[in-house]
Amino acid sequence: VQLVESGGGLVQPGGSLRLSCAASGFTFSRSRMSWYRQAPGKERELVAAITGAGGSKNYLDAVKGRFSISRDNAKNTVYLQMNSLKPDDTAVYYCNVRLDRDDYWGQGTQVTVSS
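Residues numbered from 1 in each chain as written. Predicted model: local features only at pLDDT ≥ 70, side-chain atom pairs only at ≥ 80, totals over all residues. Heavy atoms only, no water.

Visitor: What am I meant to see in the packing of aromatic side chains here?
Guide: Evaluation of the coordinates by the stated rule reveals three aromatic pairs. Here the aromatic rings of Tyr36 and Trp105 are separated by 4.9 Å at their centres, their planes lie at 70°, and the arrangement is edge-to-face. Taken together, the positions of Tyr36 in strand 4 (residues 33–38) and Trp105 in strand 10 (residues 102–105) put the pair 69 residues apart, joining distant regions of the chain. Ring centres of Tyr94 and Trp105 lie 6.3 Å apart, and the angle between their planes is 85°; on these two criteria the pair is classed as edge-to-face. Linking Tyr94 in strand 9 (residues 91–99) with Trp105 in strand 10, this pair joins segments that are eleven residues apart in sequence. By relative accessible area, Trp105 is classed as partly exposed at 34%. Joined through ring pairs, the aromatic side chains of Tyr36, Tyr94 and Trp105 make up one cluster. In this structure, Arg44 is placed above the aromatic ring of Trp105, and the distance from its NZ or CZ to the ring centre is 4.4 Å. (Phe/Tyr/Trp six-rings, centres within 6.5 Å; stacked < 30°, edge-to-face > 60°. Helix = DSSP H or I, 4+ residues; strand = E, 2+ residues; numbered from the N terminus. Buried < 20%, exposed > 50% of the residue type's maximum accessible area, 1.4 Å probe, protein only. Lys NZ or Arg CZ within 6 Å of the ring centre and 35° of its normal.)

Visitor: Mind showing me how you'd approach unusual backbone geometry here?
Guide: Apart from glycine, the bulk of residues carry a negative phi angle, and the bulk of peptide bonds sit in the trans form. Here Ser84, not a glycine, exhibits a phi torsion of approximately 50°, which is positive. By the element assignment, Ser84 lies in the loop between strand 8 (77–82) and strand 9. Here the phi dihedral of Arg101 falls at roughly 75°; this positive angle occurs in a residue that is not glycine. Here Arg101 is to be found in the loop between strand 9 and strand 10. Judged by its relative accessible area of 79%, Arg101 is exposed.

Visitor: Help me understand the pattern of salt bridges, please; the structure alone is not making it clear to me.
Guide: Once their charged atoms are close, side chains differing in charge can pair, the charge on each being opposite to the other. Using the criterion set out here, one finds five salt bridges in the structure. A salt bridge links Glu45 to Arg37; the nearest nitrogen and oxygen atoms lie 2.8 Å apart. For Glu45, a relative accessible area of 30% corresponds to the partly exposed category. A salt bridge links Lys64 to Asp61, with the nearest nitrogen and oxygen atoms 2.9 Å apart. Members of the salt-bridge network, linked through shared partners, are Arg37, Glu45, Arg66 and Asp89. (Salt bridge = Lys/Arg side-chain N within 4 Å of Asp/Glu carboxyl O.)

Visitor: Which parts of the structure should I look at to understand the state of the cysteines?
Guide: A covalent bond between the sulfur atoms of two cysteines is what we call a disulfide. Inspection of every chain in the model, using the stated rule, returns one disulfide. In this model, Cys21 is linked to Cys95 through a disulfide, with the two sulfur atoms separated by 2.1 Å. Negative torsions about the S-S bond denote left-handed disulfides, and the value of about -80° found for Cys21 with Cys95 makes this one left-handed. On the criterion of sequence distance, the pair formed by Cys21 in strand 3 (residues 17–24) and Cys95 in strand 9 is long-range, its members being 74 residues apart. Note on accessibility: Cys21 and Cys95 belong to one class, buried. (Disulfide = S-S within 2.5 Å.)

Right, dumping it as structure tokens:
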């Protein structure tokens with residue numbers, strides 16, 4: 001299993017970023033995919049998740065209406081579109097998949113929201 005995130009960076013408050021996670025080594029189209037984040041000194045938290053066919057999505061309350069998770073099963077890629085970014089969104093963002101009770105993580109991508 002391999003998960004490779006990209007798309008992080010430095011953005012001003014109110015700006016947007018789109019994160020991508022390229023997946024391999026498992027049946028992507030049948031797997032629920034998630035984005036987590038971890039800010040310095042805080043626990044890792046679930047930001048958004050999407051089912052295999054994309055029919056069901058859920059979000060952390062703090063990002064509802066601003067973030068959108070999507071997937072392209074033809075490309076084995078899951079995305080996180082982040083709009084109206086706030087300084088509190090600053091964190092390392094991780095892609096996750098759980099397979100047979102085992103969690104797999106990408107290396108993470110840093111998102112910094114600052115003026």
